[in-house]
Amino acid sequence: MDIQRPRGTRDFLFEEMKERREIENTLRRVFETYGYGEIKTPLFEDLALFTKKSGEEITGQIYHFQDKSGRELALRPELTAPVSRLYINELQKSPKPLKMYYFGSCFRYERPQKGRYRQFWQMGCELIGGKSPESEAEIIAMAAHSLEELGVKDFEIHIGNLGIIRGILHQANAPKIVYDTIMAVIDKGEVEELLKTLNEVEIDPKASEILIKLVGMVGQREIIKETSEIIKDNPKSVEALNELDELLDILEAFGFTNYKVNLGIARGLDYYSGIVFEIYAQGLGAQKQISGGGTYNLIEIFGGEKVESTGFAFGFDRLVECVRLCGEEKTHHKTVDVYVAPVSKDVKLKAIEIAQKFRKDGIKTEVDLVGRKLKKILNQANNLQVDYVILVGERDLKEGKVTVKNMESGEQELVEIESVTQMMIDLLK
RNA sequence: GCCGGGGUGGGGUAGUUGGUUAUCCUACGGGACUGUGGAUCCCGCGACUCGGGUUCGAAUCUCGGCCCCGGCCCCA
């Protein structure tokens, strides 16, 4: 029998886990310096939580099942819906703005490819209530700050505001179906296709012309001015653009200037109510988006009081890829500092006692468990890149001593058992 | 769901116009070596992704499944 790992899943070994853990800790540290607190939600939820948010169609891409009493459940495909649910269940009347972050795995039934797995991890933040350009800027700043802390260099933050395009479509009296179609096409970023679609649907040619111009608006801050010319006859769009402009001022105060304004970012779903942003990294193939976020009104959809929230999430696995690409040669980390080597079987108990003393003082210690010969133990210690080996042998023990061997220099020294722990603590400082 | 490229010991590979016992490196276990590591030598362990077909004979040809890689669709 040969049991395989399910498709699209991965096993992580020691070095990789260490790497992932370090990235996780870095993000945690950054999020906490901005005052965000960690939450955790269940791995599975009521299926309806996700269909309500994204439509019935997503069941095709979700792992869902019935439990033994017939409840329709689903492995979570993302975390913003569960976080909104948690807010409604536990935190509705808490003081705003409420800041939280999360880290956990999600599941999607999709074709695996580079940077896309069936079990993947997301780590992100949510700021609920108190919607303001300041809040939105803080969220974007945190995302950028995180990448800086991780040493990721080649990334682009694209920021847009859905209100601008919405204003145009609203003024043109586009019916819902047309609206949805157009937003979906814009989201794809295919100008050709947008042209085609705009010709097919009945829409004011003037609005159509403006839309074409808008989706091509990607660049430095100057394009705000250009855009304001294009949309000057549409108060709602102007308002959204001004909001964006203000947000950029604030973002610069947060110390981040390397963003791009991108008015072509769209989201098909209509609970998005303001800014949207995406972060792209180099070298990840087709899955170059490592983070996305925005301001939305999800909580109302789930039956809570109307509160807007702003959030973002990193595709953690893609982030790990990125850090690996940007990072310098990873050094092979040793797992322990000291190896306690019994010279013969008669002293193995003594060796264990000494190892335990070390461990109680926080020294990472390995002790021979399989009765190997001294030669093999030294070999093993060498492979593990251990700094010191403690040779425990009868000859030394008679004098109440052990031999401390420095594995790099090869030098060794006889040391009183009583003082060896302190000596190791000092040596390893 | 679609297109293309793949799958040989734990890892990396040779072999693929069908033909004995499937190559080499590395890792691992043991030994040469009874209180001293990285070297050397010896021994051992261990593989043709799975199933059907063609054939006297299949790792090799063929069909299908599974899985991996890249891309499309999708991306909450």
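Residues numbered from 1 in each chain as written. Chains lettered and ligands numbered in written order. Predicted model: local features only at pLDDT ≥ 70, side-chain atom pairs only at ≥ 80, totals over all residues. Heavy atoms only, no water.

What to know about the protein's contact with RNA strand B
Now for step 1: Taken together, 40 residues are adjacent to RNA strand B, and Lys53, Lys375, Asn382, Arg395 and Met407 come closest.
Now for step 2: Here the atoms of RNA strand B within 4 Å of the protein split so that 45% fall in sugar or phosphate, with bases taking the remainder.
Now for step 3: One of the side-chain nitrogen or oxygen atoms of Arg372 is found 3.2 Å away from a phosphate oxygen of RNA strand B.
Now for step 4: Separating a base nitrogen of RNA strand B from a side-chain N or O atom of Asn382 is a distance of 2.6 Å.
Now for step 5: Among the elements of the structure, α2 (47-54), α6 (176-188), α14 (374-383), α15 (394-397) and β16 (401-406) are those that each provide at least two residues to the surface near RNA strand B.
Now for step 6: By residue number, the principal contributor to the surface near RNA strand B is α14, which donates six residues.
Now for step 7: Of the residues contributing to the surface near RNA strand B, the split by class is 11 nonpolar, 13 polar and 16 charged. (Near = heavy atom within 4 Å. Polar contact = N/O pair within 3.5 Å; in protein donor to acceptor, adjacent residues only side chain to side chain. Helix = DSSP H or I, 4+ residues; strand = E, 2+ residues; numbered from the N terminus. Nonpolar A, V, L, I, M, F, W, Y, C, P; charged D, E, K, R; others polar.)

Let's talk about unusual backbone geometry
Now for step 1: In this structure, Pro97 follows Lys96 across a cis peptide bond, with omega equal to -5°.
Now for step 2: Positive phi values are uncommon outside glycine, yet Asn173 reaches one of about 55°.
Now for step 3: For Asn173, the location among the structural elements is in the loop between α5 (162-171) and α6.
Now for step 4: Residue Asn173 is classed as exposed on the basis of its relative accessible area, which comes to 67%.
Now for step 5: Look at Gln385: it is not a glycine, yet its phi comes out positive at around 55°.
Now for step 6: Within the secondary structure, Gln385 is located in the loop between α14 and β15 (388-392). (Buried < 20%, exposed > 50% of the residue type's maximum accessible area, 1.4 Å probe, protein only.)

Observations regarding the environment of Glu239
Now for step 1: As for its placement among the helices and strands, Glu239 is situated in helix α10 (residues 235-253).
Now for step 2: For the pair formed by Glu239 and Leu147, sequence separation is 92 residues and the distance between their alpha carbons is 31 Å.

Some words on the domain arrangement of chain A
Now for step 1: Looking at the assigned domains, one finds that chain A contains domain 1 (14-326) and domain 2 (338-428).
Now for step 2: Spacing between the C-alpha centres of domain 1 and domain 2 amounts to 54 Å. (Domains from an automatic or database assignment.)

A look at the packing of α5 against helix α8 (residues 205-215)
Now for step 1: For the pair α5 and α8, the least separation of the axes is 10 Å and the interaxial angle reads 170°. In terms of their interaxial angle, α5 and α8 are classed as roughly antiparallel. As for how α5 packs across α8, the hand of that crossing is left-handed. Contact residues: Ile164, Ile165, Ile168 and Leu169 in α5; Ala207, Ile210, Leu211 and Leu214 in α8. (Axes fitted to C-alpha atoms, helices over the stretch in contact; angles between N-to-C directions. Parallel < 35°, antiparallel > 145°, perpendicular 65-115°, else oblique. Left-handed = near helix turned anticlockwise from the far one by under 90°. Contact = heavy atoms within 4.5 Å.)

Remarks on the confidence of the model for chain A
Now for step 1: For chain A, the mean per-residue pLDDT works out to 92, and 98% of the residues sit at or above 70.
Now for step 2: Ranking the helices and strands of chain A by mean pLDDT puts strand β1 (residues 37-38) first, with 98, and helix α7 (residues 191-200) last, with 84. (pLDDT = per-residue confidence, 0-100.)

Thoughts on the sheet that holds strand β2 (residues 44-46)
Now for step 1: Ordered in space as β2-β4-β3, the three strands form an open sheet in which the pairing is antiparallel. Taken across any chain shown, the strands that pair with only one partner, and hence form the sheet edges, are β2 and β3 (64-66). Here the strands of the sheet are splayed against their neighbours by 35° on average, with no regard to which way each runs.
Now for step 2: Bridge analysis of β3 against strand β4 (residues 72-75) gives three bridges, and the strand direction is antiparallel. Bridge pairing in β4 links Phe65 to Leu73.
Now for step 3: On top of the sheet, α2 reaches β2, β3 and β4; it is set at about 70° to β2, its chief contact. (Pairing = 2+ DSSP bridges.)

Concerning the state of the cysteines
Now for step 1: Applying the stated criterion across every chain yields a total of zero disulfides.
Now for step 2: Residue Cys106 stays outside any disulfide, its sulfur separated by 15 Å from that of Cys125, the closest cysteine.
Now for step 3: Since its relative accessible area comes to 0%, Cys106 is described here as buried.
Now for step 4: Summary of cysteine pairing: Cys322 is not part of a disulfide, and the nearest cysteine sulfur, belonging to Cys326, is at 5.5 Å. (Disulfide = S-S within 2.5 Å.)

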